[in-house]
Amino acid sequence: MSEYDVINSRLSRLDTPDKATGRALFIDDISFSNMLYGAILQSPLPHAGIINIDTSAAEKLPGVKAVITAKDVGTVKYGVSPARYDETLFCQDKVRYVGDEIAAVAAVDQATAQEAVSLIKVDYEELPAVLSVEEALAEGAPQLHAEYPGNYTAQVHQEFGDVKAGFEICDLIKSSTFVNKRQDAAFIEPPGCVAVFDLHGALTLYSSTQVPHYVQRTVAMVTGLPVGKVRVLKPYVGGGFGIKASANANELAACFLSMKTGRPVKMNLSREQVFKLCRARHQFLHKMTTGVKKDGTLVSLEHECYLDGGAYSSFGIATVYYAGSLLGGPYKLQNMKYDGYRVYNNKPPCGAQRGHGGVAARAAWEQQLDMIAEELGMDPFDLRLKNMMQAGDVTCNDLNMSSLGMEECLQTVQDGSEWKKKKGRLPKGKGIGMACGFFVSGAGYPIYRSDTYHCTAIVKLAEDGGLAQVYTASAEIGQGSDTAFGMIAAEALGVPLSDVRVMSGDTDMGVDLGAYSSRQTLMTGHAVKEAAEDVKHQVLEVLSKELSVPVQDMSIKKGRVVFHRQEPDFSELRTRYIKEHRGWTDNPKDEPLTFREASRIAYLARGSIVGTGKYKPHELGGKYKGAAVGTSPAYGCSAQVVEVEVDLETGQIRIEKMTDAHDCGLAINKTSVEGQMEGSLSMGLGEAMFEEVKFDARGRVINADLAEYKIPTAVDMPPIETIVVESNEPNGPFGAKEVGEGAIMPTIPAILNAVYDAVGVRIFELPLTPERIYTAVQDYHERQKAS
Amino acid sequence: MLLPKFEYDEPRSIEEACETLRTFGETVKPLAGGTDLMVNMKKGVVRPSRVLSLKKLKTCNRIEKLDATIRIGACTLVAELIQNQVIADTLPALQAGAKALGSPLIRNLATIGGNICSARPAADLPPALLVYGARVVLHSQQGPRTVLLKDFFKGPGQTVLRGDELLTAIELDRPPANSGAGYLNLGIRKVQDIDIINGAAYLALNPRDGTIEKVRVALGAVAPTPIRASLAEQALQGQKPSQDLFVQAGQAAQQDCTPITDFRGGAAYRKAMTSVLVRRVLETALKQIEK
Amino acid sequence: MKRIIHIRVNEQEYELAVEPNLTLADLLRDELGLTGTKKGCEMGDCGSCTVILDGRNVNSCLILAIQANGSSVQTIEGLETEAGLHPLQQAFVEKGAIQCGFCSSGMILSGKTLLDSNPNPGEQEIREAISGNLCRCTGYQKIVEAVADAGSDYQKGQGGE
Ligand SMILES: Cc1cc2nc3c(=O)[nH]c(=O)nc-3n(C[C@H](O)[C@H](O)[C@H](O)COP(=O)(O)OP(=O)(O)OC[C@H]3O[C@@H](n4cnc5c(N)ncnc54)[C@H](O)[C@@H]3O)c2cc1C
Ligand code: FES
Ligand code: FES
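First things first, this report covers the structure right here in the doc.

### A closer look at the overall build of chain C
Okay, step 1: Along chain C, the regular secondary structure elements total 5 helices and 5 strands.
Okay, step 2: Reading the secondary structure of chain C in the N-to-C direction produces β-β-α-β-β-β-α-α-α-α.
Okay, step 3: At 15 Å, chain C has a C-alpha radius of gyration in line with the 15 Å of a compact globule built from 161 residues.
Okay, step 4: Dimensions along the principal axes, computed over C-alpha positions, put chain C at roughly 50 × 30 × 20 Å.
Okay, step 5: Here chain C holds 161 residues, and 66% of them are scored as buried.
Okay, step 6: Entry remark: accessible area of chain C is about 5,300 Å², with carbon and sulfur atoms responsible for 43%.
Okay, step 7: Once the 13 positive and 22 negative side-chain charges of chain C are each reduced to a mean point, those two points are 4 Å apart.

This is the structure we're talking about:
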């Protein structure tokens, strides 16, 4: 039995009845009277100078209310990280990828807006384009940004310990190279927004974003409006996975169009435009060399990585840091060297996607660790257990594993999958593989340098008593954060979840950096807990005065006031409450003093009872350059076993079963934790098996739809067994930490290791299409024959 | 995603439909399930100024079991091909093709006629239809004409169908007792996939000596149109079925195909898979006879 | 040119004037305000626009509204009864089968067409029945469990219309 009344349970989510019945409003379900529709003109060329833009025909089209270009909106640079603001809303003199924004139109309906866009005439001067890392880094290559020479967005060079000296004491040194492919987040809801500029000069932007706060700042910065006059609201959002974690051109264009026309403007992206927007997982090329001792002790890791970045930075700087820093654990490793390069080219910009920066690196390394285990004659589990960090350990790059249920994760997946019965005993064509991973529980620092709180929360009691309203600016994007915060507030306040209402996703409610880097449960959770405790304390203070009972001798539990010592006579309070509720049929009678009464009495004494909470991480480790990326107040970790069957004649892989254990600290809502694990696994499976955004020689996406960009269907997913491992995270609210992103970490390498077990050939490139498997097996046999 | 503007007709008879086709020529497009046409119109690949819905052509969505033949109306839903008992009992390879097509949602809209007329090289129904020796009935104002399906396809999206013609039915001879057929496809995902390769085989055995009396092998996605694999068929004709023979036929089939490399798959892989698929689908066909 | 159509949506008759190029999805969302039907791709690939048209679950983004003349359509809004949520809706809520919820309308309607004809489907049958409905959030695990669960309710006679 849990010691808690609300959290650590399987309560149904607050938002799902609305979502199950079609009531829940998503961005495209929101309309305003007199609303205009926006459309955007995007470059058809990967790299070109703009000679002239002629909007006259578009402007003349009946029904068109505004046409805007860089001339109208200026060229304020924006982006994700202030260190690399390299985008302007519209291109002025040059386009850098197929999809780069040039102009936007607002018209009375969508058809007119689209027609108007097609009437804008742009004269281009085509420039040579670079479409890969190699082309971009070649000598004399065309340069994308004069400010960032060599087509490098960023370079990272780090060394912890002494890698070279480490190699010298190693018994086995293993090198391998690995490459994944550019992803698309493929959320089912394409992004959209509605901007409403009102008569008071204030702008309200409704957007399917995961970061209302950053969008608010960016909109204010680019439009020149004061931050206080920009309000960003997010309705229900159909998934984000990182791609909706920064302001996009659509949002900015809608704002300008609304400011210009004085009317609400709606802008939707089509599915094809989602692929042009991209901002999803990069293609990473990893070269790794790991040195170990005979007994399996990991000693040194030398690591080089190239990121195929696209035309702008987006999250790229953070990404290139994460790609290195997230290999610091969960194994004891003293020496680690990392050289990372994020490279511009004329493709849509990549950014952050679930497991930001670390997914391909993890896949590359966990596969290499399996190769090492095999060569040392060790079971893959034993190699990992041998090097496993324990709670309290600090990595060589200064990440503090304040809690770490890694060992329990390993044990439970080993047992849950019957690993020992299966490993090495499966018939040819069948295989079993495992891997581990860990991830930050919230970025330690905001994206812009600041001493800001990462989140604030307000809990307000209904004046009439009994109900608590929770306000945060956090982003419920499907992960269940509203429910988690409702549960945290209810627990901290001592009331059932049904007595809590949760409001979120509105910058008017405070500051919250949003849903990214697996941060909200820990961070917003802290703020909500503090606000609820504040409210509780205020109520108890009033009671204390009224009843002459010290505050510390009372608490609130399950909606009732609990007296730890003798119960005082509260009949006078009850009479007062009932007097104010003549005619009510549900007035309290013989029961103990209720929270409803107590909170009404508190209001009568003090006016509205409002509690506030806030959170920012304590001083975190790491004083070196780049230490801000990877440090976190806590780390989630996981282990996974995957079983596959490979058709050796065709190369087709069937994933038969996945067993996953994840340490999320204390699980606020166990069903939601499992949901995050299951979702992570399917995204990982998709990336491992099918997914790849492909381009033609002109830099255009060939497979910009969900037919040819293949995400897993229900038939492609095997049954998943999830095991929730609960450590107690000292830095988390009630001991909770992350699950949303970390759970994806072991999936790809576990599949790679299982496929190797099945076919006897290592694959170093994703996705694992039948053709790739077949060809690899063929090549291997050819080589065997030849030697 | 807006559709461009167009006029809409919903004729009640084949005659009426043919008249509209004749009057408006190339600017009109028949609309069956729309799973191909609507997508292409949204993408702007085809821009008809008039759309001719086949929804009201009642005679076109029946499956009829006649004495020696089975007649499938062109507007029969792909879902119906799965549910229909006649198809399940007599044309199992066609049922297998239908099961492999798209998703349950798509199969509730897509028609057999649309699958044939869209003439995609990787379409799921033509291989099975080809090995059953299907004929297609094409109607114009002049009346019907019947064409062998194997002569129907001209290239990707290209057929012998004239602008004033409608495909109204597919006719197949009822397979004899000692025959069997199968269909297999290979893709990246398990469902909702454009096949990298697909294929079907039909075998009829001589009841006396068990040799292969009649054989048809068809392949998709390895040539500009679905094709009959005649070299594979030659290798099988008159022989006694055996594992070795099927392997040989599979190898011969490689010479029948001229696959291309595109972003979905390489030519060499497609060629290699031809052998595997042909061998396997022959095994399926044989198993069916033995059942 | 607009044409008059007669269409029954969630048991209610409508007479509407529509342009031929209006899809059924847009008719439901924009003309009838039934925004529970979602549009994730508008190309038939994702299933978020699923409705039940004359008993069959279909992608409403690929159907012209005018083609639905004379037909009967059920959308997610038509599943609740006075007794409350439909067993499938209830099971989706209780099992945690909904995350972002963008796929949920379609999933539930595809689940319903399955259970209406087969209230006791196996796991594989459920997976196949929802294979045209993409979900990026859940990995389908809890959706499959929810459909199976609702199936047992159907058998206990609580389901159906
Ligand atoms: C998500 C999705 C998945 C798909 N998956 C598959 C798959 O796995 N396998 C596969 O084979 N296909 C697949 N398709 C393609 C398509 O669904 C099928 O080819 C389907 O059978 C087409 O039938 P339809 O009735 O919808 O054709 P429509 O779209 O109505 O018509 C297709 C073409 O044929 C013409 N036409 C239709 N009927 C006639 C007729 N009777 N006479 C003359 N011309 C006619 C039309 O004018 C049009 O040019 C998929 C499509 C989608 C959207
Ligand atoms: S919106 Fe209709 S299938 Fe995606
Ligand atoms: S719950 Fe988000 S797509 Fe299914």
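Still more to cover.
### So, the overall build of chain A
Okay, step 1: Each helix and strand counted, chain A has 21 helices and 25 strands in total.
Okay, step 2: In terms of overall size, chain A behaves like a compact globule, its C-alpha atoms giving a radius of gyration of 28 Å where 787 residues would be expected to give roughly 28 Å.
Okay, step 3: For the C-alpha atoms alone, the extent of chain A along its principal axes is close to 95 × 75 × 50 Å.
Okay, step 4: For chain A, the residues scored as buried account for 66% of the 787 residues in total.
Okay, step 5: Within chain A, residue pairs in contact and separated by at least 24 positions form 79% of the contacts whose partners lie at least 6 positions apart.
Okay, step 6: Between the mean site of the 81 positive side-chain charges and the mean site of the 100 negative ones, chain A shows a separation of 2 Å.

### Some remarks on helix 19 (residues 670–689) of chain A
Residue and element names in this part refer to chain A.
Okay, step 1: Here helix 19 contains 20 residues, and its C-alpha end-to-end distance of 28 Å stays within 8% of the 28 Å for a straight helix at 1.5 Å per residue.
Okay, step 2: Extensive coverage of helix 19 is indicated by the burial of 19 of its 20 residues.
Okay, step 3: A side-chain oxygen of the first residue of helix 19 lies 3.0 Å from the backbone nitrogen of Thr671; this N-cap is Asn669.

### Looking at the interface of chain A and chain B
Okay, step 1: With 27 residues of chain A in contact, the opposing surface of chain B contributes 21 residues.
Okay, step 2: Overall, the association of chain A and chain B removes approximately 2,200 Å² of surface from exposure, summing both partners, and the carbon and sulfur fraction of that is 57%.
Okay, step 3: Of all residues in chain A, Glu649(A), Glu708(A) and Glu771(A) give up the largest surface area on contact with chain B, accounting jointly for 24% of the area buried on that side.
Okay, step 4: Summed over the shared surface of chain A and chain B, the number is 6 salt bridges.
Okay, step 5: With a shortest N-O distance of 2.4 Å, Asp193(B) and Lys710(A) are connected by a salt bridge.

### Observations regarding the pattern of salt bridges
Pairing of side chains with opposite charge becomes possible as their charged atoms draw close.
Okay, step 1: Applying the stated criterion across every chain, the model contains 84 salt bridges over all chains.
Okay, step 2: When the shortest N-O distance is used, the salt bridge between Lys337(A) and Asp339(A) registers 2.8 Å.
Okay, step 3: Under the relative-accessibility criterion, Lys337(A) is labelled partly exposed at 23%.
Okay, step 4: Here Asp173(B) and Arg135(B) are joined by a salt bridge, their closest N and O atoms 3.1 Å apart. Of this pair, Asp173(B) sits in strand 10 (residues 166–173) while Arg135(B) sits in strand 6 (residues 135–140), and the two are 38 residues apart along the sequence.

### Considerations on the site of ligand 1
Okay, step 1: Near ligand 1 there are 33 residues, and of these Pro30(B), Gly33(B), Thr35(B), Leu37(B) and Thr111(B) occur at the shortest range.
Okay, step 2: In this structure, ligand 1 sits where chains B and C come together, each supplying nearby residues.
Okay, step 3: At 2.5 Å, a backbone N or O of Pro30(B) approaches an oxygen atom of ligand 1.
Okay, step 4: Taking Gly34(B), its main chain carries an N or O atom lying 2.8 Å from an oxygen atom of ligand 1.
Okay, step 5: Compared with its free state, where it exposes 970 Å², ligand 1 has 95% of that area covered by protein.

### Considering the interface of chain C and chain A
Okay, step 1: The partner chain A presents 52 residues to the 41 residues of chain C that form the contact.
Okay, step 2: Interface area for chain C against chain A, summed over the two sides, is near 3,500 Å², with a carbon-plus-sulfur share of 56%.
Okay, step 3: In this structure, the connection of chain C to chain A is made through 7 salt bridges.
Okay, step 4: Of the charged contacts in the structure, one is a salt bridge between Glu674(A) and Lys142(C), with a shortest N-O distance of 2.7 Å.
Okay, step 5: The interface formed by chain C and chain A contains 22 residue pairs in polar contact (both at pLDDT 80 or more).

### Topic: a negative patch on the surface
All names here are of chain A.
Okay, step 1: On the surface, a cluster of negative charge is contributed by Glu159, Asp162, Glu168 and Glu302.
Okay, step 2: The residue Glu159 is located in strand 7 (residues 152–160) in this model.
Okay, step 3: On the basis of relative accessible area, Glu159 is assigned to the partly exposed category, the value being 38%.

### Here's the deal with the packing of aromatic side chains
Aromatic ring pairs are described here by two measures, namely the spacing of the ring centres and the angle between the planes.
Residues and elements named next belong to chain A.
Okay, step 1: Counted under the stated rule, the structure contains 19 aromatic pairs over all chains.
Okay, step 2: Ring geometry for Phe26 versus Tyr236: centroids 6.1 Å apart, planes at 45°, classification tilted. Taken together, the residues span a long stretch of sequence, with Phe26 in the loop between helix 1 (16–21) and strand 1 (36–42) and Tyr236 in the loop between strand 11 (230–233) and helix 8 (249–261) at a distance of 210 residues.
Okay, step 3: Ring centres 6.0 Å apart and planes at 90° place the aromatic pair Tyr214 and Tyr448 in the edge-to-face group.

Rules behind the numbers
- Residues numbered from 1 in each chain as written.
- Chains lettered and ligands numbered in written order.
- Predicted model: local features only at pLDDT ≥ 70, side-chain atom pairs only at ≥ 80, totals over all residues.
- Heavy atoms only, no water.
- Helix = DSSP H or I, 4+ residues; strand = E, 2+ residues; numbered from the N terminus.
- Rg over C-alpha atoms; globule rule 2.2 N^0.38 Å.
- Buried < 20%, exposed > 50% of the residue type's maximum accessible area, 1.4 Å probe, protein only.
- Areas by Shrake-Rupley, 256 points an atom, 1.4 Å probe, with all protein chains shown as cover.
- Lys, Arg positive; Asp, Glu negative; His and termini not counted.
- Charge placed at Lys NZ, Arg CZ, Asp CG, Glu CD.
- Contact = heavy atoms within 4.5 Å.
- Expected span 1.5 Å × (residues − 1).
- Polar contact = N/O pair within 3.5 Å; in protein donor to acceptor, adjacent residues only side chain to side chain.
- Buried area = accessible area lost by both parts, 1.4 Å probe.
- Salt bridge = Lys/Arg side-chain N within 4 Å of Asp/Glu carboxyl O.
- Near = heavy atom within 4 Å.
- Patch = residues over 30% accessible without salt bridge, like charges linked within 9 Å, V, L, I, M, F, W, Y side chains within 5 Å.
- Phe/Tyr/Trp six-rings, centres within 6.5 Å; stacked < 30°, edge-to-face > 60°.

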